[in-house]
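# Descriptive structure summary
For reference, the chains in residue letters:
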Amino acid sequence: MITLSGISKEFRVYRRDAGFKNAIRSFVHRKVTIVPALTDISFSIGDGEMVGYIGPNGAGKSTTIKIMCGILTPDKGSCVINGRTPWLERQAHVGEIGVVFGQRSQLWWDIPVGDSMALLGDIYGMSKPAVRDSLDELSQILELEDLLKTPTRQLSLGQRMRCEIAAALLHRPKTLFLDEPTIGLDAVSKLAVRAFIKKINAERGTTVILTTHDMQDIDALTERILLIGKGRLLLDGRLSEIKQRYVRVKSLVAYYSGAEIPTLPEGFTAVASQPGRIEVAFDSDAIPLPAAIRLLSERMVLTDLSVNETTVDDMVVSLYEDMRL
């Protein structure tokens, strides 16, 4: 169980104007700006939940994750994860969590990945058979066999990210924090990683908190999203409910028989047309999809039809606009 209550965090940022004189002056008088990173963040996540934590750059996502990992201490508020306060009981806490930061590595740069895994096993107090069994399972699913003998510095970004996920799960943590876990992965690897995350959630009951700008990850993995903006929690809801509000039919592409372009019903606008094919836009709130298809079929002999809906990315853009982010 994860419970955050009234978490706030500020950072002191030192600023100065460009130039040598200003650099000298800053030694005597430093301009300090207080930047509120988080303001009164409160939410709860149950055991075994997979939650998407989204927001624009600089919203406070990574700061929240670092507090939940015990890396940062908040200025005020409480955070309890599996019965512990992360920054007060850090050693016991990190033994039950796994963390993947897309821009940082927990693997040693100049040694083979397999040696890094063995060292991590020692750090977590795992026996050698336990490390071997866990690594065999992870290697099979994430296809790491050929990578374990390769130094980390020689891996591509996508290969390294697969190894980072394996390293975070080596000790079978109860809670997994993923910050941009599929960055740099190709389409096939992304699908494999998503399937793997779903599997450990289903089989081990691992709680997963996912922060990413790849909304396909959010759509594929989570049922609940938390939206943060300017350091404040703005929304906590089911992804399906948010989709019902924001995902709309953008257009229909109708294929018809005949050379003449048909006259469209009222409420429809031609986006593009050519003989035998026309793309039309309409307000799906005013005209439901079944009614739209019926109205078009009354004006033309349909041979095929495709629907263009707003994507998850479009939905999030609309959500950000509504929240003025």
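Criteria and cut-off values
- Residues numbered from 1 in each chain as written.
- Predicted model: local features only at pLDDT ≥ 70, side-chain atom pairs only at ≥ 80, totals over all residues.
- Heavy atoms only, no water.
- Pairing = 2+ DSSP bridges.
- Helix = DSSP H or I, 4+ residues; strand = E, 2+ residues; numbered from the N terminus.
- Axes fitted to C-alpha atoms, helices over the stretch in contact; angles between N-to-C directions.
- Contact = heavy atoms within 4.5 Å.
- Buried < 20%, exposed > 50% of the residue type's maximum accessible area, 1.4 Å probe, protein only.
- Phe/Tyr/Trp six-rings, centres within 6.5 Å; stacked < 30°, edge-to-face > 60°.
- Parallel < 35°, antiparallel > 145°, perpendicular 65-115°, else oblique.
- Nonpolar A, V, L, I, M, F, W, Y, C, P; charged D, E, K, R; others polar.
- Core = buried A, V, L, I, M, F, W, Y, C linked by side-chain atoms within 4.5 Å.

The sheet built from six strands is open, its strands ordered 5-6-7-3-8-9 with mixed pairing. If you trace the sheet from one side to the other, it starts and ends with strand 5 (97–101) and strand 9 (232–238), each paired once. The average undirected angle you get between the axes of adjacent strands in this sheet is 15 degrees. Bridge analysis of strand 6 (residues 175–179) against strand 7 (residues 207–211) gives five bridges, and the strand direction is parallel. Following the sheet pairing, L176 is matched in strand 7 by V208. Packed onto the sheet, helix 7 (residues 187–204) meets strand 3 (50–54), strand 6 and strand 7 and runs at close to 130 degrees relative to strand 3. Helix 9 (residues 239–246) contacts strand 8 (224–229) and strand 9 of the sheet and is inclined by roughly 95 degrees relative to strand 9.

So, about the sheet that holds strand 1 (residues 2–15). Taken in spatial order, the three strands of this open sheet run 2-1-4, and their pairing is antiparallel. Pairing within the sheet leaves two strands with one partner each, and these edge strands are strand 2 (31–45) and strand 4 (76–81). Mean inter-strand twist for the sheet, computed between neighbouring axes without regard to direction, equals 30 degrees.

This part takes up the pairing of strand 8. Among the six residues that make up strand 8, six are buried, leaving the element largely enclosed by the rest of the structure. Here strand 8 shows two buried faces, one formed by R224, L226 and I228 and the other by I225, L227 and G229. Of the pairings in the sheet, the one linking strand 3 to strand 8 comprises four bridges and is parallel in character. The residue bridging G52 from the neighbouring strand is I225, located in strand 8. The sheet contact formed by strand 8 and strand 9 spans six bridges and is antiparallel. Bridge assignment links I225 to a residue of strand 9, and that residue is G237. Linking strand 8 to strand 9, which pair antiparallel, is a turn of two residues; within it K230 sits at a positive phi near 55 degrees.

With that settled, the discussion passes to the packing of aromatic side chains. Within this structure, the stated rule accounts for two aromatic pairs. Taking the centre distance of 5.9 Å and the plane angle of 50 degrees together, the rings of F43 and Y53 count as tilted. Of this pair, F43 sits in strand 2 while Y53 sits in strand 3, placing them ten residues apart in sequence. Since its relative accessible area comes to 6%, F43 is described here as buried. Their ring planes at 35 degrees and their centres at 5.3 Å tell us that F268 and F282 sit as a pair that is tilted. With F268 in the loop between strand 10 (249–256) and strand 11 (269–274) and F282 in the loop between strand 12 (277–281) and helix 10 (289–299), this residue pair connects regions lying 14 residues apart in the sequence. Taking the relative accessible area as the measure of exposure, F268 reaches 8% and is therefore buried.

The N-to-C vectors of helix 6 (residues 157–169) and helix 7 enclose an angle of 10 degrees; their axes lie 11 Å apart at closest approach. Judged by the inter-axis angle, helix 6 sits roughly parallel to helix 7. Side by side, helix 6 and helix 7 meet where R162, I165 and L169 of the first sit next to S189, V193, F196, I200 and R204 of the second. For the contact of helix 6 with helix 7, the per-class residue count stands at five nonpolar, one polar and two charged.

A word on the environment of G231. Mapped onto the secondary structure, G231 falls in the loop between strand 8 and strand 9. The buried category is assigned to G231, whose relative accessible area is 1%. The spacing of G231 and G58 is 173 residues in sequence and 8.2 Å in space, taken between C-alpha atoms. If we skip the residues at most four places from it in the chain, G231 touches A37, L38, T39, I41 and A59.

Of all hydrophobic cores here, the largest spans 46 residues; its most connected members are L170 and I225. Of all the elements, helix 6 adds the most residues to this core, at seven residues. Among residues more than four places away in sequence, those in contact with L170 are M117, L120, G121, M126, V131, S134, L135 and L138. Listed in part, the 25 residues of the second largest apolar core include F43, I45, I209 and I228.

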